[in-house]
Amino acid sequence: MALSCRDTLRLIFHKLTIADLARASCVCRVWNSVATEDDLVVANFTAPWRIKKLVGRPVSGSFWRDNGIWKFAISHRISRGDSVTSLAVKYSVQVMDIKRLNNMMSDHGIYSRDRLLIPISNPEILANTTCYIELDKYAKREVAVLYLEGGPKREQPVSGMNQLSNLSADGKKRLIDSLRRSMQVDDGTALYYLAIAEGDLRSALSEFSADLRWERQTGLN
């Protein structure tokens, strides 16, 4: 049958949105094997924004489920005299959007960082560019980052994965299971906090507790 031919499926799936591609992967084993091919997923993820190249792999597979403009950000290296307000004006975005993306409680948070992620206000800026999938330690989320000048530091794309990659599959699973039970969360959330804590269990729990406190303070929980 045509719809079990892998080449035919690729042609069809290439025209799907990233959300529909995820749905197609649930139909049957053959569809899943095609719909989850790396090249196809990346192509469909970047297609709406005409991105030339996407570098890196996400920590969590859930990164691919949504390719809204909020999944992308500009990396701005902090310079003397920068403020959240001045950056909002420079990039034509809202102050609160910058603070929300970067997990900043106040404008003073800028002074403890060497860069800020800036929300994309004009999607056209992404056309024919290279973006890098990064897990930002301050934003505490995975973002496809655009560098307007130069590129990321060599260690940036693999941040949070060094120690985890040294573990065996069983060791990694035991670590995730232990953290999942302690935090009472799902595997994806446990893996996320392990990644931003660079594989350190105690640091992951500390980061999670800090986020819970922040949510209570801001009324999100």
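Residues numbered from 1 in each chain as written. Predicted model: local features only at pLDDT ≥ 70, side-chain atom pairs only at ≥ 80, totals over all residues. Heavy atoms only, no water.

The name given to the protein in an unreviewed UniProt entry is F-box protein, with the source organism recorded as Cardamine amara subsp. amara.

A. Main features of the overall build of the protein. For the protein, the count of helices and strands is ten helices and five strands. Sorting the 221 residues of the protein into buried and exposed places 40% on the buried side. By sequence separation, contacts in the protein at least 24 residues apart represent 52% of the contacts at least 6 residues apart. Summing over all exposed atoms, the protein offers an accessible surface of approximately 13000 Å²; the carbon and sulfur share of this is 51%. (Helix = DSSP H or I, 4+ residues; strand = E, 2+ residues; numbered from the N terminus. Buried < 20%, exposed > 50% of the residue type's maximum accessible area, 1.4 Å probe, protein only. Contact = heavy atoms within 4.5 Å. Areas by Shrake-Rupley, 256 points an atom, 1.4 Å probe, with all protein chains shown as cover.)

B. Structural context of the pattern of salt bridges. One pass over the structure, following the stated rule, counts eleven salt bridges. With a closest N to O distance of 2.9 Å, aspartate 97 and arginine 100 form a salt bridge. Of this pair, aspartate 97 and arginine 100 both sit in helix H6 (residues 95–101), three residues apart, which is roughly one turn of that helix. Look at aspartate 97 and you get partly exposed, because its relative accessible area is 31%. Each of the salt bridges in this network shares a partner with another, and the network as a whole consists of Arg6, Asp7, Arg10 and Glu37. (Salt bridge = Lys/Arg side-chain N within 4 Å of Asp/Glu carboxyl O.)

C. Examining the side chain of arginine 113 more closely. Turning to its location among the elements, arginine 113 is positioned in the loop between H6 and strand E3 (115–119). Put simply, arginine 113 is tucked away with no salt bridge, and the nearest opposite charge, on aspartate 136, sits 5.5 Å away. There is a polar contact of 2.6 Å between the side chain of arginine 113 and the backbone oxygen of asparagine 102. (Lys, Arg positive; Asp, Glu negative; His and termini not counted. Polar contact = N/O pair within 3.5 Å; in protein donor to acceptor, adjacent residues only side chain to side chain.)

D. Examining the sheet that holds E3 more closely. Strand order in the open sheet made by the five strands is E1-E4-E5-E2-E3, with mixed pairing throughout. Each of the sheet's edge strands pairs with one partner strand only, and the pair in question is strand E1 (53–55) and E3. Averaged over all adjacent pairs, the angle separating strand axes in this sheet is 40°, with direction ignored. Contacts from helix H5 (residues 84–91) reach strand E2 (72–77) and E3, with the element oriented near 125° to E2. (Pairing = 2+ DSSP bridges. Axes fitted to C-alpha atoms, helices over the stretch in contact; angles between N-to-C directions.)

E. Here's a closer look at the packing of aromatic side chains. Using the criterion set out here, one finds seven aromatic pairs in the structure. Summarising the aromatic geometry, the rings of phenylalanine 45 and phenylalanine 72 are spaced 5.7 Å apart at their centres and angled 45° between planes, so their arrangement reads as tilted. Placement of the pair is phenylalanine 45 in helix H4 (residues 38–46) and phenylalanine 72 in strand E2, with a sequence separation of 27 residues. Among the residues examined, phenylalanine 72 registers a relative accessible area of 1% and is labelled buried. Between tryptophan 49 and phenylalanine 72 the ring centres are 6.3 Å apart and the planes differ by 70°, which places this aromatic pair in the edge-to-face class. Of the two residues, tryptophan 49 is situated in the loop between H4 and E1 and phenylalanine 72 in strand E2; the sequence distance between them amounts to 23 residues. Each member of the pair, tryptophan 49 together with phenylalanine 72, is buried. Here the aromatic residues Phe45, Trp49, Phe63, Trp64 and Phe72 are joined through ring pairs into a cluster of three or more. One Lys or Arg, lysine 71, reaches over the ring of phenylalanine 63 and ends 4.5 Å from the middle of that ring. (Phe/Tyr/Trp six-rings, centres within 6.5 Å; stacked < 30°, edge-to-face > 60°. Lys NZ or Arg CZ within 6 Å of the ring centre and 35° of its normal.)

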